[in-house]
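Notes for the structure review
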Amino acid sequence: SKQSNAGETLDAVKRTSLAFVLTGDKEVDKISHNGLSGLSVIMDRRSTVENTFAVGVNLESDELSFYPMIYWPITDSQPRPSRRAIQRLNQYVAGGGTIFFDLRNQIYGGSLSGDMGRNLRNLTVGLDIPPMVPVAPDHILTKSFYLIQDFPGRWAGGRLWVERSGERLNDGVSGIIVGSNDWAAAWAMDPTGQRTHPVVPGGEQQREMAYRFGINLVMYMLTGNYKSDQVHVPAILERLGDTQ
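Now for a description of the structure that goes with this document. What you see is a predicted model, and the numbers here were worked out from it, not measured in a lab. Here the residue numbers are simple positions, counted from 1 along each chain's written sequence. Reporting of local features is limited, given that this is a predicted model, to residues whose pLDDT is at least 70; pairs of side-chain atoms are given and counted only at 80 or more, and all residues count toward the totals for whole chains, interfaces and linings. Excluding hydrogens and water, the side-chain figures rest on all heavy atoms present in the structure.

Attention now moves to the pattern of salt bridges. Each salt bridge in this description consists of a side-chain nitrogen of Lys or Arg and a carboxyl oxygen of Asp or Glu lying within 4 Å of one another. Under the criterion given, the structure shown has three salt bridges. As a salt-bridge pair, Glu208 and Arg46 come within 2.9 Å of each other at their nearest N and O atoms. With a gap of 162 residues between them, Glu208 in helix α6 (residues 203-223) and Arg46 in helix α2 (residues 26-46) connect regions that are remote in the sequence. The class of Glu208 is partly exposed, set by a relative accessible area of 22%. Buried means the residue's accessible area, taken with a 1.4 Å probe over protein chains only, is under 20% of the maximum for its type, while exposed means over 50%, and partly exposed covers the values in between. We classify Arg46 as partly exposed; its relative accessible area is 31%. As a salt-bridge pair, Arg207 and Glu204 come within 3.0 Å of each other at their nearest N and O atoms. On the criterion of helical spacing, the pair formed by Arg207 and Glu204 is a turn pair, its members being three residues apart in helix α6. Take Arg207: its relative accessible area is 3%, and that puts it in the buried class. Each member of the salt-bridge network shares a partner with another, and the members are Arg46, Glu208 and Arg212. A run of DSSP states H or I qualifies as a helix once it reaches four residues; a run of E qualifies as a strand once it reaches two. Both are numbered from the N-terminal end.

Written out as structure tokens, the structure is:
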């Protein structure tokens with residue numbers, strides 16, 4: 001309803017909101033919601049970023065600028081966004097937002113190819129995607145909160161891709177991130193706090209690493225070069241305080 005949408009918009013302005021694209025697949029959308037909600041629970045426990053919440057967005061109609069990141073799970077059935085929606089997404093990225101594409105494919109390899117890669121390209125015709133490279137060992141995503149080198153989700157082993165250094169980065173943050181490890185499924189909790197999807201091959205230890213990556217990801221979104229220059233720690237702490 002319009003009233004509920006207005007309420008979600010007001011909450012998004014007041015609080016840190018983790019957005020996900022509504023794909024039209026009810027099961028995928030449920031996993032996205034439960035995944036970002038589960039990540040929010042873990043963030044509340046471990047970081048200064050509190051009271052976050054997950055909200056589904058319609059790319060054709062919803063305001064996108066409230067969200068530092070939009071998680072976009074790729075399916076083989078979702079409709080291609082309209083030209084207007086693509087224009088709005090380009091504006092969103094140019095304004096400092098990040099789109100996190102998740103191909104959710106266990107057998108996705110080390111290059112941006114294959115069936116799910118083609119689905120991604122088909123869905124994003126007209127989107128300004130710059131040259132992409134695998135995350136380097138010293139990238140900010142490896143140290144924005146936890147020190148990590150791997151980025152597992154429900155699956156492990158798929159590469160994580162970011163914009164090449166020297167492209168259009170906003171405060172050091174990549175406007176496009178692409179991976180395939182089905183992160184929302186690894187983060188997902190039901191209303192009782194139970195995890196809803198098995199994580200393979202590493203089980204609960206892998207899920208823990210998935211949560212750590214999720215926290216690093218949100219910190220990266222909110223603070224840019226979070227730990228690349230310790231001179232800016234006071235400003236970083238102030239920005240984190242503003243998100244509570």
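On we go from here.
Next up on the list: the pairing of strand β2 (residues 53-57). Here β2 lies mainly inside the structure; five of its five residues are buried. Burial along β2 is two-sided: Phe53, Val55 and Val57 and Ala54 and Gly56, pointing in opposite directions, are all buried. Relative to β2, strand β1 (residues 17-21) runs parallel, the two sharing five bridges. The partner of Ser17 across the bridge, within β2, is Phe53. For the crossover from β1 across α2 to β2, the handedness is right-handed. At least two bridges found by DSSP between two strands are what make those strands a pair. A clockwise path from the first strand over the helix to the second, with the strands pointing away from the viewer, defines a right-handed crossover.

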